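Architecture and fold: a report
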Amino acid sequence: MKFRFVIQRNEVTKNLGSIKWMLPRSFASLWVTFLFLCFPITIHSQESFRVMFWNVENLFDTKDDPRKNDNEFLPEATRHWNFFRYRDKLKNLAKGIIASGNEYVPDLVGLCEVENDSCLYDLTRRSPLKEAGYRYVMTDSPDQRGIDVALLYQRGSFKVLQHQSIRIPHKQLKKGATRDILHVVGEVLSGNQLDVFVCHFPSRSGGQAKSEPYRLLTAKILKEAVDSVMKVRKHPHILIMGDFNDYPTNKSMKKVLCADGGLRNLMKDKKEGTYRYRGEWGILDQFIVSENLQKKKGSIRTSSKKVQILRHDFLLEEDEKYGGDKPFRTYNGMKYLGGFSDHLPISLDLEIFIRDDKGYYSK
């Protein structure tokens, strides 16, 4: 008869004693490995896996990148974007990411509106976030604003197997270039693969109706990429996150991405918002998952109840014009405010189940 020993996150934290909660998940994984090697027991565990997404509102460094349209974000430019403002921006973003965790920092962090690799290096190596040990992958898009999407990940809980950028054609619509879609394939602690897509759809510049065809095209290309994954994976686990510049009820989301029931938008019934425009909250930032991730007996599970719009007090300020509150942003037009972002971050918890010879173990 085998002795069943269940290790959960709070027990690992209790055993580690004085170790700070913000340490990377890989440390806890090493602790579990140590116990496994030292004691003749079978370990079954249910791990919580947190994902965060955040539009970080123009994370530019202060150096001129000739490949990017960064002219506004230079020390001598109209925004007066200097070293001190850049440093404070990194500190703010690190604070927001750390606060989005529970006992640990998030396992995955999707970001958009990041200028280049230099910004991510500074965020993960030269800000308070450096203790978390994040690694990252990002796109290198031809976007006319000079911004890209990225994924930070914890190596102890997500092993990157491959990644690619998906280019969005724009000349056929006579539009400027937009952001690539980032597709990352990784392995989680159960040994299953998780396909992650990080997106930043074309903006609503010029009006919703006029700009909609570009988002419909982007949604169609994303759906084709997802369908390709579903054809080659026996049990596809797909997680899409991003700023879609459309609401869950818009055509790009409802009639393109989620039209056939293979994908489900976890944000469609949320009443709060992630972005406020003229006093009205709306959900532009969303999580979309494949049907497999919502199965009750799967090895990776989640649901709409596991989604949060993160409304920490420090991320908000009073809306003096319309009443209520609004995101505490870095700039309001050209006026520097010194805040975090014009979007609120969102988080999603997945449950990772380790399988034994009798099936998936749960509490």
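**Remarks on the overall build of the protein chain**
- Of the regular secondary structure elements, the protein chain holds six helices and 23 strands.
- Here the protein chain, with 363 residues, has 52% of them falling under the buried criterion.
- Across the protein chain, the fraction of contacts at a sequence separation of at least 24, relative to all contacts at a separation of at least 6, is 71%.
- Accessible area for the protein chain stands at about 17,500 Å²; split by element, carbon and sulfur atoms hold 50% of it.

**Considering helix α5 (residues 208-232)**
- Helix length check: α5, at 25 residues, gives a terminal C-alpha distance of 35 Å against a target of 36 Å (1.5 Å per residue), a fit within 8%.
- Taking the largest bend as the criterion, α5 deviates by roughly 25°, centred on Y214.

**Regarding the environment of Y86**
- With respect to the helices, strands and loops of the structure, Y86 is situated in helix α3 (residues 83-99).
- Considering only alpha carbons, one finds Y86 and T62, 24 residues apart in sequence, at a separation of 7.2 Å.
- Once you skip the residues sitting within four places of it in the chain, Y86 turns out to touch L59, F60, D61, T62, W81, S118, C119 and D122.

**Remarks on the sheet that holds strand β7 (residues 159-166)**
- Read across the open sheet, the six strands follow the order β7-β8-β9-β10-β14-β11; overall the sheet is mixed. Across the chains shown, the open sheet's two edge strands, defined by having one partner strand only, are β7 and β11 (263-265). Each neighbouring strand pair of the sheet contributes to a mean axis angle of 20°, computed without reference to strand direction.
- With five bridges connecting them, strand β10 (residues 238-243) and strand β14 (residues 285-290) associate as antiparallel partners.

**Topic: the pattern of salt bridges**
- Applying the stated criterion across every chain, the model contains 20 salt bridges.
- Put simply, D148 and K68 hold a salt bridge, and the shortest N to O gap is 2.6 Å. Here D148, found in strand β6 (residues 148-153), pairs with K68, found in the loop between β3 (46-59) and α3; they are 80 residues apart in sequence, far enough to count as distant.
- Here D195 and R233 are joined by a salt bridge, their closest N and O atoms 2.9 Å apart. Of this pair, D195 sits in strand β9 (residues 193-200) while R233 sits in the loop between α5 and β10, placing them 38 residues apart in sequence.
- Salt bridges sharing common partners tie together D65, R67 and D140.

**Regarding the nonpolar core**
- L151, L152, F158 and F287 are the most contacted members of the largest nonpolar core, which totals 64 residues.
- No other element matches β3, which puts seven residues into this core.
- Beyond its immediate stretch of four places on either side in the chain, F158 contacts F49, L108, L151, Y153, V184, V185, G186, E187, V188, L194 and V196.
- Grouped together as the second largest cluster of nonpolar side chains are 22 residues, C199, A219, L222 and V229 included.

**Some points on the confidence of the model for the protein chain**
- Taken as a whole, the protein chain shows an average pLDDT of 87; of its residues, 85% reach a score of 70 or greater.
- A low-confidence stretch, residues 1-23 (pLDDT under 50), is modelled with 54 contacts involving residues beyond four sequence positions or located in other chains.

**What to know about the environment of R264**
- Within the element layout of this structure, R264 appears in strand β11.
- Of the residues examined, R264 reaches a relative accessible area of 36% and is grouped as partly exposed.
- On a C-alpha basis, the gap between R264 and E291 in space is 6.8 Å, while along the polypeptide they are 27 residues apart.
- Apart from the residues within four sequence positions on either side, R264 is in contact with C258, F287, I288, V289, E291 and Q294.
- At a separation of 3.3 Å, a polar atom in the side chain of R264 contacts the side chain of E291.

**Describing unusual backbone geometry**
- Unusually for a residue other than glycine, K174 sits at a positive phi of about 55°.
- The phi dihedral of N245 falls on the positive side, at around 50°, and the residue is not glycine.

**Focus on the packing of aromatic side chains**
- Evaluated as defined, the whole model comprises ten aromatic pairs.
- Residues W81 and Y331 carry aromatic rings whose centres are separated by 6.1 Å and whose planes lie at 50° to one another, so their mutual orientation is tilted. Here Y331 lies in strand β19 (residues 331-332) and W81 lies in the loop between β3 and α3, a separation of 250 residues in the sequence.
- Overall, Y331 belongs to the buried group, its relative accessible area being 3%.
- Measuring from centroid to centroid gives 5.4 Å for Y331 and Y336, while their planes differ by 65°, and the two rings are edge-to-face.
- Here the aromatic cluster, defined as three or more aromatic residues joined through ring pairs, consists of F60, F73, W81, Y331 and Y336.
- Lying across the ring of F314, K95 places its NZ or CZ 4.4 Å from the centre.
- Residue placement shows R301 over the ring face of F353; its charged tip is 3.6 Å from the ring centre.

**Looking at the packing of α3 against helix α4 (residues 117-125)**
- The geometry of α3 relative to α4 is characterised by a closest axis approach of 10 Å and an angle of 60° between their N-to-C directions. With respect to each other, α3 and α4 are oriented oblique. Between α3 and α4 lies a crossing whose hand is right-handed. Between α3 and α4, the contacting residues are Y86, L90, L93, A94 and I97 on the first element and S118, C119, D122 and L123 on the second.
- By residue class, the composition of the contact of α3 with α4 is seven nonpolar, one polar and one charged.

Cut-offs and rules
- Residues numbered from 1 in each chain as written.
- Predicted model: local features only at pLDDT ≥ 70, side-chain atom pairs only at ≥ 80, totals over all residues.
- Heavy atoms only, no water.
- Helix = DSSP H or I, 4+ residues; strand = E, 2+ residues; numbered from the N terminus.
- Buried < 20%, exposed > 50% of the residue type's maximum accessible area, 1.4 Å probe, protein only.
- Contact = heavy atoms within 4.5 Å.
- Areas by Shrake-Rupley, 256 points an atom, 1.4 Å probe, with all protein chains shown as cover.
- Expected span 1.5 Å × (residues − 1).
- Bend = angle between axes of the 7 residues up to and from the residue.
- Pairing = 2+ DSSP bridges.
- Axes fitted to C-alpha atoms, helices over the stretch in contact; angles between N-to-C directions.
- Salt bridge = Lys/Arg side-chain N within 4 Å of Asp/Glu carboxyl O.
- Core = buried A, V, L, I, M, F, W, Y, C linked by side-chain atoms within 4.5 Å.
- pLDDT = per-residue confidence, 0-100.
- Polar contact = N/O pair within 3.5 Å; in protein donor to acceptor, adjacent residues only side chain to side chain.
- Phe/Tyr/Trp six-rings, centres within 6.5 Å; stacked < 30°, edge-to-face > 60°.
- Lys NZ or Arg CZ within 6 Å of the ring centre and 35° of its normal.
- Parallel < 35°, antiparallel > 145°, perpendicular 65-115°, else oblique.
- Left-handed = near helix turned anticlockwise from the far one by under 90°.
- Nonpolar A, V, L, I, M, F, W, Y, C, P; charged D, E, K, R; others polar.

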